[in-house]
Amino acid sequence: MASLSEPPPEINHDKPCGIRILEYSKKSKLSRKTHQTIVLIVTFLSYASYHASRKTTSIVKSALDPQSPDVGLKVIPWRKKFSWVLGDGWAPFNGSDGTALLGEIDVAFLSVYAIGMFFSGHLGDRMNLRYFLTVGMLGTGLFTSLFGVGYWAGVHNFYYYLAMQMLAGLFQSTGWPSVVAVVGNWFGKSKRGLIMGIWNAHTSVGNISGSLIASAMLYYGWGWSFVVPGLIMAFVGLVVFLLLPISPESVGADGDDDDDLHSPRKYGEEVTKPLLRSDSEAKENAVGFIEAWRIPGVATFAFCLFFSKLVAYTFLYWLPFYISHTAIDGKYLSNEAAGNLSTVFDVGGVLGGILAGHISDRLDARAITAASFMYCAIPSLFFYRCYGHISLALNMVFMFICGMFVNGPYALITTAVSADLGTHSSLKGNSRALATVTAIIDGTGSIGAAIGPLLTGYISATSWSSVFTMLMAAALVAGLLLTKLVVAEVGAKISESRAQGAPTLRSPTAALDA
């Protein structure tokens, strides 16, 4: 029997009610591994739904503007059969400037998304991430659905759709900083690369599922193509609210002795103060925006991602169009075939993200891995442009390789690198920088994501070779920006090798502890 002098057990009000229900049904506390599994599944579904709702606009373009060059719509070959669905388009997008108006909506969405990313990270480190992510998902679902409501309401005002997309972009910016911060809280540096590389497949899963859902719903009216993904987004948002544990201390999870989350390292540095702090220590102030920029490596990786994402998003928005307008083995592919073929790039990207994460874990060298992939992307882009037209098989091989080397560093930087820097040793144990650092890095990258496709629209009118030259130059700059960090990592590896060859010398850890 408990002593009367013992205080009653403290109720953790931050624990999600879904976790409490699971623990009550099991009559026992959930293990750390179970919590980690829940985190990976829930955050995977969360960001996949973000990408699914984001993909909808490109699918519906051909219904809004029948003259749109967008080739992502898989029902284009059925235009004659379903002409009553597509009709003559939807005002104001079916006029002579319809394509330009749709382009303005895309640019507005990406611009607000990039700007909102910086503010979202700042807020995310100062709020409960579960509540913050839930609000972001519900808001995204609401404004995505309201865009589709214009179909039944008969709205033909361009500014209505522009406002809906901008608001959706603002709420979408809450997603990435939040999910990376949560995953970073649960997995230490030694495990992040591979785990987050596999986990990052949610991007491709979201894009593919979003395309399938929007295309299927288009048959019933383009409004459903927005409302259904919006409702799915809202539903997953509720799942996040009910189940997502944002950190081990928020649910009282047991520690993992093998997990270096307690003492993260960066480029050979050690932290003597554990990141898993007591409740009194956890109330420290979150890292400021300017202070986060000063964390070693943040600015470097942010600008590297600017150029890396410029290349990746140019492929995302323009690859199907490029394929359909390039003769492969002397033949031009249909819009549907070009759209299907372009998915090979995404498949290569999934493998690239996993490989980059695994290699960086084994080498304990994020910068070397990212720079190597960016340099390898240059010849892969060259070969794809010069030899991809010879045959369909060669086109698929070179496209797969391009996807692997282009998306590999992009996935690595936005996941494992962001989580590493958010728990950098210079923070002296303060872990409340994950969302801010992630937002800075991905927000800067998102600016490049908006600029790349925009420049491609102008340059492609002159020459596609010039577009690929721009992409190769961007990949080169991305790699060169990491030179200083690569040199530091190489130096650390050489020092480590020498230390292993001289056992009488004290290790760096022993020197710090002395």
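Not measured: the values here are computed from a predicted model.

**A few points about the overall build of the chain**
Counting secondary structure elements, the chain contains 21 helices and zero strands. By residue count, 54% of the 514 residues in the chain fall in the buried class. Pairs at least 24 residues apart make up 81% of the contacts formed inside the chain by residues separated by at least 6 positions.

**Re the environment of Ala 492**
Assignment of secondary structure puts Ala 492 in helix 20 (residues 483-501). Assessed through its relative accessible area of 33%, Ala 492 is described here as partly exposed. Between the C-alpha atoms of Ala 492 and Ala 365, which are 127 residues apart in sequence, the distance is 9.6 Å.

**Concerning the confidence of the model for the chain**
Averaged over all residues, the pLDDT of the chain is 79; the fraction at 70 or higher stands at 79%. The low-confidence segment residues 257-283 (pLDDT under 50) makes 67 contacts with residues lying over four places distant or belonging to another chain. Contacts from residues 504-514, a stretch scored under 50 in pLDDT, to residues over four places away or in other chains number three contacts.

**Concerning helix 13 (residues 298-324)**
An α-helical turn contains 3.6 residues, so any two residues separated by three or four positions project in the same direction. For helix 13, with 27 residues, the first-to-last C-alpha span of 39 Å sits near the 39 Å given by 1.5 Å per residue. Along helix 13, 20 of the 27 residues are buried, which leaves the element largely enclosed by surrounding structure.

**Points about unusual backbone geometry**
That bond from Ala 91 to Pro 92 is cis: its omega, 10°, falls within 30 degrees of zero. Within the secondary structure, Pro 92 is located in the loop between helix 3 (83-86) and helix 4 (98-124). Despite not being glycine, Asp 329 has its phi angle at roughly 55°, a positive value. With respect to the helices and strands, Asp 329 occurs in the loop between helix 13 and helix 14 (335-341). Since its relative accessible area comes to 53%, Asp 329 is described here as exposed.

**Remarks on the packing of helix 16 (residues 366-387) against helix 19 (residues 464-481)**
Here helix 16 crosses helix 19 at 170°, and the two axes come no closer than 8 Å. With respect to helix 19, the axis of helix 16 lies roughly antiparallel. In this structure, helix 16 crosses over helix 19, and the sense of that crossing is left-handed. Of helix 19, the residues touching helix 16 (which contributes Ala 371, Met 374, Tyr 375, Ile 378, Leu 381, Phe 382, Tyr 384 and Arg 385) are Trp 464, Ser 465, Phe 468, Leu 471, Met 472, Ala 475, Leu 476, Ala 478, Gly 479 and Leu 480. Its residues assigned to classes, the contact of helix 16 with helix 19 comprises 15 nonpolar, two polar and one charged.

**Topic: the nonpolar core**
One finds Phe 301, Tyr 384 and Ile 441 to be the most contacted residues of the largest nonpolar core, which totals 95 residues. It is helix 13 that contributes the most residues to this core, 15 residues altogether. In this view, Tyr 384 contacts Leu 319, Tyr 322, Ile 323, Asn 395, Phe 398, Met 399, Cys 402 and Phe 468; residues no more than four positions away in its chain are not counted. If you look at the next biggest cluster of nonpolar residues, it comprises 20 residues, including Ala 63, Leu 101, Phe 143 and Phe 158.

**Concerning helix 7 (residues 175-186)**
Compared with the 16 Å implied by 1.5 Å per residue over twelve residues, the 17 Å span of helix 7 between its first and last C-alpha is a close match. Of all twelve residues that make up helix 7, twelve are buried, and the element is covered over most of its length. Taken together, the buried positions of helix 7 are Gly 175, Trp 176, Pro 177, Ser 178, Val 179, Val 180, Ala 181, Val 182, Val 183, Gly 184, Asn 185 and Trp 186.

**Focus: the environment of Tyr 410**
Mapping Tyr 410 onto the fold places it in helix 17 (residues 392-422). Residue classification places Tyr 410 among the buried positions, given a relative accessible area of 13%. Every residue in contact with Tyr 410, bar those within four places of it in the chain, is listed here: Leu 305, Ser 308, Lys 309, Ala 312 and Tyr 313.

**Some remarks on the packing of aromatic side chains**
Counted under the stated rule, the structure contains 34 aromatic pairs. When the centroid spacing of 5.1 Å and the interplanar angle of 90° are considered together, the rings of Tyr 219 and Tyr 220 count as edge-to-face. Summarising the aromatic geometry, the rings of Phe 382 and Phe 383 are spaced 5.8 Å apart at their centres and angled 70° between planes, so their arrangement reads as edge-to-face. Overall, Phe 382 belongs to the partly exposed group, its relative accessible area being 39%. Site record: aromatic cluster; members linked through ring pairs are Trp 90, Phe 93, Phe 147, Tyr 151, Trp 152, Phe 158, Tyr 159, Tyr 160, Tyr 161, Trp 222, Trp 224 and Phe 226. The side chain of Lys 27 reaches across the aromatic face of Tyr 24, ending 4.4 Å from its centre. When the ring centre of Tyr 113 is taken as origin, the NZ or CZ atom of Arg 54, which lies over that ring, is 4.8 Å away.

**Describing empty space enclosed by the protein**
Taken as a whole and assessed by the stated rule, the structure comprises five cavities of 30 Å³ or more. What lines the largest cavity is a set of 18 residues, and nearest its centre among them are Thr 203, Ser 204, Asp 346, Asn 407 and Tyr 410. Put simply, the parts of the chain that give the lining of the largest cavity at least two residues each are helix 9 (202-218), helix 13, helix 15 (343-363) and helix 17. By residue number, the principal contributor to the lining of the largest cavity is helix 15, which donates five residues. Split into classes, the residues belonging to the lining of the largest cavity amount to eight nonpolar, nine polar and one charged.

Thresholds applied
Residues numbered from 1 in each chain as written. Predicted model: local features only at pLDDT ≥ 70, side-chain atom pairs only at ≥ 80, totals over all residues. Heavy atoms only, no water. Helix = DSSP H or I, 4+ residues; strand = E, 2+ residues; numbered from the N terminus. Buried < 20%, exposed > 50% of the residue type's maximum accessible area, 1.4 Å probe, protein only. Contact = heavy atoms within 4.5 Å. pLDDT = per-residue confidence, 0-100. Expected span 1.5 Å × (residues − 1). Axes fitted to C-alpha atoms, helices over the stretch in contact; angles between N-to-C directions. Parallel < 35°, antiparallel > 145°, perpendicular 65-115°, else oblique. Left-handed = near helix turned anticlockwise from the far one by under 90°. Nonpolar A, V, L, I, M, F, W, Y, C, P; charged D, E, K, R; others polar. Core = buried A, V, L, I, M, F, W, Y, C linked by side-chain atoms within 4.5 Å. Phe/Tyr/Trp six-rings, centres within 6.5 Å; stacked < 30°, edge-to-face > 60°. Lys NZ or Arg CZ within 6 Å of the ring centre and 35° of its normal. 1 Å grid on protein atoms, 1.4 Å probe; cavity = no way out; pocket = protein on both sides within 12 Å on 5 of 7 lines; lining within 4 Å. Points joined across faces, edges and corners; volume = space filled by probe spheres on them.

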